[in-house]
Amino acid sequence: AVKNQVKQGADLKGKLKEVFGYGQFRGVQEDIIQNVIQGHNTFVIMPTGAGKSLCYQLPALVLPGTAIVISPLIALMKNQVDQLNAFGVNAQFLNSTLSKSEMNRVKKDVISGEVKLLYVAPESLTKEETIEFLNKATISFVAIDEAHCISEWGHDFRPEYRKIRSIIDGLGVQVPVIALTATATPKVQQDIQKNLQMDDASVFKTSFNRTNLYYEVRPKHNTKKQLIQYVKQRKGLAGIVYCLSRKKVEEIAELLRVNDVRALPYHAGLDPHVRMANQDAFLNEDCDVIVATIAFGMGIDKPDVRFVIHFDTPKSIEGYYQETGRGGRDGLEGDCLMFYSYDDIVKLEKFNKDKPVTERDNSKQLLQEMANYADSAVCRRKQLLHYFGERYPTDCGFCDNCKHPKERFEAKNEVLMALKAVVQTEERFGLDHIGTVLMGMNNPHVESYGHDKLTVYGQGKDHDAQFWHSLLRQTLLAGYLEKDIENFGVIKIAQKGIDFIEAPHSIKLTKDHNYEEEVKEEQE
Ligand code: ADP
Ligand code: ZN
């Protein structure tokens, strides 16, 4: 038996070279492939770029019959199939972009046994005629790509994914399943295994640590100026700038262009031809920076992306980590910069208002975790890996919080002022207004509510808006204040805050870096 395995190992390596042109397996690829070939259920959790596709592509070539690959994005499907065809592999796809006769041809090829991999969109999979057709085919195994789409706790839930198990069960014969994802917190992982009924699966989870990525978070403050400077310091290097809205994408791409950066926009609202042309320009180095919504990037394999910027605060740590993961795939350094503002969090929460309750609560939880991460003074890598259920015992030395530890200061007096300001303005306002009152500034609101008559008015004039914003945020996260669930953005006092006002105690908070001053120093 040992001899057999050795021989099979040699064959697999031969196939790897012959078909894909690679000399070596990467990491645990070979173990995973063996596991699938032996007919075991398999669960693969590896970061983006680790080489998950090969883990089902190679077994599909070796095993008799057709492997069914369930993949969520139609655009990606064609890409993958084209690539495989270029390697001389008979792979095809089945989705709504095909005509009736094209579909029939694909089905015929599959039933005749020629096709080694068939990519299917989950919504096609649930169709009666597809199920009928699958019953006639010889299926080697089912691969479920982007398996986190199964879980409501993930950032990319797709209801059709929940039907996959019953469809597989309906096939009549037992086929092994391989599920793959790049984003699985322990909770999502459990959910996937439970839903797919694969508690027996062999789990292959590699570390999510991307040692060559540098993580940095800056407060949103003169953000455009900071962005231009950051990108210009990396002139000629490839980078991605993520924005939350299409409008913002257009605006930022234009902003970079007028600042002599070769930048192009990418979002789902663009004409498909323009979108493809812009993507190709980025891949072919005819443009350096692609400014995009999160529609960009899945399945795009550009090894030399040197920086990934989140111009707006992302919706979840999972999404953020996947997007930053597109940097430095060649193993060389990649810089990940995220701009953070509490206003973004509030805005994103508002978008969730119309969602069903459980989904809304979940999104809110994801957002809160994002805010905690952004505000924290702890090693970024430690936090990120912890989020994915890994322990990282030391500080990494390669993130903003390790390289430039935030200054901590005694904030007893300021916290007391801030809490009193919330109480005196009757818990009816957001962070900005509270800051305005503390600084003793004037605006129509201040006057019409008579807030210039309050005792806290102007008490905090020694500090600027950024300071108060940061302090209020930290106080919020520490549980002295809380957000009004009914009124997004409105800050209320929590019991812990009431206790603090009665008996103030020492409290250490961190100061935001002042990037504008750093910018000036560098220029001098
Ligand atoms: P993932 O799905 O995990 O994000 P991919 O399957 O897209 O990763 O693989 C990322 C890149 O690594 C691709 O360009 C792929 O061709 C390449 N790759 C995968 N396995 C190997 C290998 N054994 N040797 C060299 N390159 C590999
Ligand atoms: Zn660190």
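Residues numbered from 1 in each chain as written. Chains lettered and ligands numbered in written order. Predicted model: local features only at pLDDT ≥ 70, side-chain atom pairs only at ≥ 80, totals over all residues.

The name recorded for the protein chain in an unreviewed UniProt entry is DNA helicase RecQ, from Hymenobacter gelipurpurascens. Under the UniProt heading Catalytic activity (unreviewed entry), the note attached to the protein chain is "Couples ATP hydrolysis with the unwinding of duplex DNA by translocating in the 3'-5' direction." Its UniProt record gives the protein chain the following Sequence similarities (unreviewed entry) comment, quoted word for word: "Belongs to the helicase family. RecQ subfamily." (UniProt positions renumbered as here; feature names shortened; annotations may be inferred.)

Draft legend 1. Region of interest: the overall build of the protein chain. Looking only at helices and strands, the protein chain features 23 helices and 17 strands. For 524 residues, the compact-globule formula gives about 24 Å, and the C-alpha radius of gyration of the protein chain, at 26 Å, lands near that figure. For the protein chain, the C-alpha atoms occupy an extent of roughly 85 × 50 × 50 Å along the three principal directions. Counting the 524 residues in the protein chain, one finds 40% classified as buried. Expressed as a percentage of contacts within the protein chain between residues at least 6 apart in sequence, the contacts between residues at least 24 apart total 73%. (Helix = DSSP H or I, 4+ residues; strand = E, 2+ residues; numbered from the N terminus. Rg over C-alpha atoms; globule rule 2.2 N^0.38 Å. Buried ≥ 20, exposed ≤ 12 C-beta atoms within 10 Å, placed from the backbone. Contact = placed C-beta atoms within 7 Å.)

Draft legend 2. Summary view of the environment of K194. By the secondary structure assignment, K194 is in helix α9 (residues 186-195). For the pair K194 and S151, spaced 43 residues apart in the sequence, the C-alpha separation amounts to 9.9 Å.

Draft legend 3. Representation of the sheet that holds strand β4 (residues 117-120). Sheet architecture is open: seven strands sit in the order β3-β4-β2-β5-β6-β1-β7, paired in parallel fashion. Each edge of the open sheet carries a strand with a single partner, namely β3 (91-94) and β7 (202-205). Between one strand and the next, the sheet's axes are offset by a mean angle of 20°, whatever the strand orientation. Of the pairings in the sheet, the one linking strand β1 (residues 42-45) to strand β6 (residues 177-181) comprises four bridges and is parallel in character. Pairing of T42 across the sheet is with I178, part of β6. (Pairing = 2+ DSSP bridges. Axes fitted to C-alpha atoms, helices over the stretch in contact; angles between N-to-C directions.)

Draft legend 4. Structural view of the environment of N35. Looking at the secondary structure, you find N35 in helix α2 (residues 29-37). Here N35 falls in the buried class, since 22 other C-beta atoms lie within 10 Å of it. Sequence spacing of N35 and S166 is 131 residues, and the spatial spacing of their C-alpha atoms is 23 Å.

Draft legend 5. Looking closely at the site of ligand 1. Every one of the 15 residues lining ligand 1 counts as a neighbour, but Y22, R26, G51, K52 and S53 are closest to it. Tallied by class, the residues present in the shell around ligand 1 amount to six nonpolar, six polar and three charged. (Near = placed C-beta within 6 Å. Nonpolar A, V, L, I, M, F, W, Y, C, P; charged D, E, K, R; others polar.)

Draft legend 6. Fine view of the packing of helix α19 (residues 431-439) against helix α21 (residues 465-477). Two elements in contact, α19 and α21, have axes separated by 9 Å at closest approach and are oriented at 125°. With respect to their mutual orientation, α19 and α21 come out oblique. The two elements α19 and α21 cross, and the hand of that crossing is right-handed. Between α19 and α21, the contacting residues are L431, I434, G435, L438 and M439 on the first element and A465, W468, H469 and L472 on the second. Its residues assigned to classes, the contact of α19 with α21 shows seven nonpolar, two polar and no charged. (Parallel < 35°, antiparallel > 145°, perpendicular 65-115°, else oblique. Left-handed = near helix turned anticlockwise from the far one by under 90°.)

Draft legend 7. Examining unusual backbone geometry more closely. For D260, which is not a glycine, the phi torsion comes out positive at approximately 65°. Residue placement: D260 occurs in the loop between α11 (246-258) and β10 (263-266). Take D260: there are 11 C-beta atoms within 10 Å of it, and that puts it in the exposed class. One non-glycine residue with positive phi stands out, namely E285, at about 65°. For E285, the location among the structural elements is in the loop between α12 (272-283) and β11 (289-292).

Draft legend 8. Region of interest: the nonpolar core. Grouped together as the largest cluster of nonpolar side chains are 75 residues, with contacts concentrated most on V241, V289, I290, V291, A418 and I434. By residue number, the principal contributor to this core is helix α15 (residues 357-375), which donates six residues. Apart from the residues lying within four places of it in its own chain, the contact partners of A418 are I434, L438, L471, L472 and T475. Counting 56 residues, the second largest nonpolar core, distinct from the first, contains L12, A60, I70 and V120. (Core = buried A, V, L, I, M, F, W, Y, C linked by C-beta atoms within 7 Å.)

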